[in-house]
Every structure is written in structure tokens, then in C-alpha cells.
Amino acid sequence: MSERLEDIAAAMVADGKGLLAADESSGTIKKRFDVIGVESTADSRRDYREMMFRAKEAMTRYISGVILYDETIRQKAADGTPLVDIIKATGAIPGIKVDAGAKPLAGYPGDTITEGLDGLRERLADYYTLGARFAKWRAVIDIDVAKGVPSATSIGSNAHALARYAALCQEAGIVPIVEPEVLMDGAHDIGTCYEISKATLTKLYTELYAARVVLEGTILKPNMVLAGKKSGNTSSPEEVAEKTIKLFRETVPAAIGGIAFLSGGQSDEEATANLNAINAIGPHPWKLTFSYGRALQAAPQKAWSGKAANVAAAQAAFAHRAQMNHLAALGKWQPELEQAA
Ligand code: 5MM
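For clarity, every value in this text was computed on a predicted model and none was experimentally measured. (Residues numbered from 1 in each chain as written. Predicted model: local features only at pLDDT ≥ 70, side-chain atom pairs only at ≥ 80, totals over all residues. Heavy atoms only, no water.)

(A) Just the layout of surface pockets, in detail. In this structure, the largest pocket spans a volume of roughly 730 Å³. Together, 35 residues line the largest pocket, and Thr28, Arg32, Lys97, Arg138 and Arg294 are the ones closest to its centre. Of all the elements in the fold, those that place two or more residues in the lining of the largest pocket are α2 (26-35), α7 (120-129), β6 (134-141), β7 (175-182) and β10 (288-292). Taken together, the residues of the lining of the largest pocket break down into 10 nonpolar, nine polar and 16 charged. Considering only enclosed or pocket space, the second largest pocket measures out at about 250 Å³ in volume. Contributions of two or more residues to the lining of the second largest pocket are made by α2 and α12 (294-304). No other element matches α12, which puts six residues into the lining of the second largest pocket. Tallied by class, the residues present in the lining of the second largest pocket amount to four nonpolar, three polar and five charged. (1 Å grid on protein atoms, 1.4 Å probe; cavity = no way out; pocket = protein on both sides within 12 Å on 5 of 7 lines; lining within 4 Å. Points joined across faces, edges and corners; volume = space filled by probe spheres on them. Helix = DSSP H or I, 4+ residues; strand = E, 2+ residues; numbered from the N terminus. Nonpolar A, V, L, I, M, F, W, Y, C, P; charged D, E, K, R; others polar.)

Structure representation (C-alpha cells):
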């Protein structure tokens, strides 16, 4: 495969394909395993992820790349094959989460800043050797308007960190996924999500230009424009699509390599329906696909439940979700296809 950043980015958003976000840090994967009653150990995490990476239909047909966690990129399958080699054999590209998580922003209660820049140049060189050709850094922007969250300082600091990360990635021959996630956890309405997302993306691209990041060799991983979960309102896919595309047309340069959404706590089917509605009102200046964690993994996780006997059923559940999102990335999904399955 070509090693040019633009070509890697283009392959990540190839028609009808998207990314599997399997980069849960140890704390997050433990929470997921608690739900299915599985103890989180290095071996159980390996078995679970091996199950997905060996899901041939899902991986070869619908998945362009996998975002890994530091532990996983170094792990070997039960038979000794490096997990990275299993991913590569399916045609998917291995990627790596390189941020060190969102920490409280000093002086700004309720805001966070994502850490991980110190030593990043050296870590990227190591990850390149291990096979990673793209990376991910997630900034977290919460919304609590009454408390002045997010502050302009938080948006600015996170955008600046994303830009420094992105420049270091490109220096290392690695495509940066820039993920400024405006959380959907609050009680805000859809208009507030739109406004905060607009401020966030505007600042992000100002910083990326200033850092001399080559936009063609980047992927944006954004939230969709949605009402907050605690608002009690669910926006229709048509409204989500209309507002999300309006936002991107105003703030996201056409030059970038592509857009791969996070699911952010939407249900599996909601994340698929919204992606589909977004693509159905195209054509757009960018490819728009998925980079889902929870919305791709909830079903296979439940089907697997830590039992080797359930591997085939879990792989089938993963293939189904991946296929539904493949169709949504093409704007060809229909709700009836869910029932048919
Ligand atoms: C897979 O979830 C990632 C979790 O990261 P932490 O364990 O460090 O919290 C997360 O960054 C994820 O890649 C994106 O948020 C997209 O995942 P969702 O579940 O929102 O689609």
C-alpha cells in the first residue's frame, strides 16, 4: 500500500468502508466487560479483540482500519500471530490511540484538556515500527451552559493540542485523526450543540493551519449535531443531517482526507440512521463514514459474553452492524434491513 499520507487517508474512507474504534483504555474496557460479566484481564481483552479482528466478512468488506490501544498493538493472538498482522491480512489498516486522556483543566471547573504531547515524537516512531499508519487523539468538550462550560480557554487549548499532535503525526508518516468530541451527555438543545461544535471546529482548523498540517493527510472524527441526552429530546435523522452538514459546510475545509463520525452514546441503530440521513442528502465535498466504538461493538460484546462458544455468533453480530454502517456510509440503509436480520 502507498505510504503517502493522502493515500492512507483516502483508504481510511474508501467507499462504504469505515473505522472500528477498538481503542478503549483499560478503565473503559473494564466498564464494558462489567456489563457482560467478564473479568478484564490481558487475556480476556486479547480474546475479545481477536474475535473481532478475525471476523472475516466484517473486516474484509466493511472495515478500512482499526484504532488500537497501546496494549493491543503489542499483543499476540492465542496462536502467537501478532494482532496487527491479523488486521493487515484482512486489508484493514492498523491505527493507534496516542492521547493520554482528558484531564481536568486547571482553573476551569467542568472543562478538560487532553494530555499526551510529551514524548509523543518518540512514541509515534515506535508505533510506526509496530505497523500503525494512522493515529487518534480525542479532545473532550462538555456542555453545561449555566456553568460556562465549555470555556473559550478549553476550546482553544484542546484545538492547539490537536494541532501539535497532528503535525507530529505527519512528521512520522502517520495520518492523524483529529477528534474534537462535543459530548451529547448534557441537557442542551440541538441548537446549542451546533453553536459549540461550530466554535470548536472553527478554532480547530485555525490551529491546524497555524501548525502547517497538510489537511489532505488528516481525517476529522467529529460528533454529529444532536440534542443532549438529558434534554429528553431526540432529533430526527433528517434534522441531524441538515444541521450537521450545515455546520461542516461552514467550518470544515473541503481539502481534508475525509470525515469519520464517532457514535458518542447513540444507540446502534440511531448512529446508523443518522449517518445514512447525512449521506442521503449528498453529494458532499467530503466522504462521510463511521469510526464507531460503542455503536459497532455493543451487539458483538453482548453476543460474545466472554465465551469461546459464542465467537461465531459475536462475529455475525459484528458483521451485521458493520454492514448496516457500510450501507449508511453510502446513503443506502433502510430501517427494514434491521428487522430482516
Ligand atoms: C473506543 O472508545 C474510545 C475510548 O477512549 P477511552 O477509553 O480513552 O475513553 C473513544 O475515544 C472512541 O474512539 C471515540 O469516542 C468513538 O467511540 P464511540 O463509542 O463514541 O463511537
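Here the narrative resumes, following the displayed structure.
(B) Geometry of the packing of aromatic side chains. For the structure shown, the criterion picks out seven aromatic pairs. With 5.6 Å between their ring centres and 90° between their planes, phenylalanine 33 and tyrosine 48 make a pair best called edge-to-face. In this pair, phenylalanine 33 sits in helix α2 while tyrosine 48 sits in helix α3 (residues 42-53), placing the two residues 15 residues apart along the sequence. Pair check on accessibility: phenylalanine 33 and tyrosine 48 agree, each one buried. (Phe/Tyr/Trp six-rings, centres within 6.5 Å; stacked < 30°, edge-to-face > 60°. Buried < 20%, exposed > 50% of the residue type's maximum accessible area, 1.4 Å probe, protein only.)

(C) Fine view of the pattern of salt bridges. Scanning the entire structure with this criterion turns up 27 salt bridges. Across the pair lysine 246 and glutamate 250 runs a salt bridge whose closest N-O atoms are separated by 2.9 Å. With lysine 246 and glutamate 250 both in helix α10 (residues 237-251), this residue pair falls four residues apart, about one helical turn. Judged by its relative accessible area of 40%, lysine 246 is partly exposed. A relative accessible area of 37% means that glutamate 250 is categorised as partly exposed. The network of salt bridges with shared partners includes Asp23, Lys97, Lys136, Arg138, Glu179 and Glu181. (Salt bridge = Lys/Arg side-chain N within 4 Å of Asp/Glu carboxyl O.)

(D) Structural context of the site of the ligand. Surveying the vicinity of the ligand reveals 17 residues, the closest of which are Ser25, Thr28, Lys136, Ser263 and Gly264. For the ligand, an oxygen atom lies 2.7 Å from a polar atom in the backbone of glycine 264. Taken by itself the ligand offers 500 Å² of open surface, and the protein chains cover 90% of this. Comparing atom positions with the cavity grids shows the ligand to sit within the largest pocket. (Near = heavy atom within 4 Å. Polar contact = N/O pair within 3.5 Å; in protein donor to acceptor, adjacent residues only side chain to side chain. Areas by Shrake-Rupley, 256 points an atom, 1.4 Å probe, with all protein chains shown as cover. Sits in = over half its atoms within 2 Å of the grid points.)

(E) Structural detail: empty space enclosed by the protein. Evaluation of the coordinates by the stated rule reveals two cavities of 30 Å³ or more. By volume, the largest cavity amounts to about 60 Å³. Taken together, Glu181, Val182, Met184, Cys193, Asn223, Met224, Leu226, Leu262, Ser263, Gly264 and Gln266 make up the full set of residues lining the largest cavity. Residues of the lining of the largest cavity, tallied by class, amount to six nonpolar, four polar and one charged. Its boundaries defined by the atoms lining it, the second largest cavity holds a volume of some 40 Å³. In terms of lining, the second largest cavity is formed by Ala139, Ile141, Ile155, Asn158, Ala159, Leu162, Pro180, Thr200 and Leu204. Every element with two or more residues in the lining of the second largest cavity is listed here: β6, α8 (152-171) and α9 (190-210).

(F) Structural detail: unusual backbone geometry. A cis amide bond, omega 5°, links valine 149 with the succeeding residue proline 150. Looking at the element boundaries, proline 150 is found in the loop between β6 and α8. At arginine 212, a position not held by glycine, the phi torsion is positive, near 60°. On the secondary structure map, arginine 212 appears in the loop between α9 and β8 (219-220). Relative accessible area serves as the criterion here: at 76%, arginine 212 is assigned to the exposed category. Even without a glycine there, the phi angle at serine 305 is positive, about 45°. Mapped onto the secondary structure, serine 305 falls in the loop between α12 and α13 (311-329).

Limitation: the analysis is restricted to geometry and does not speak to function.
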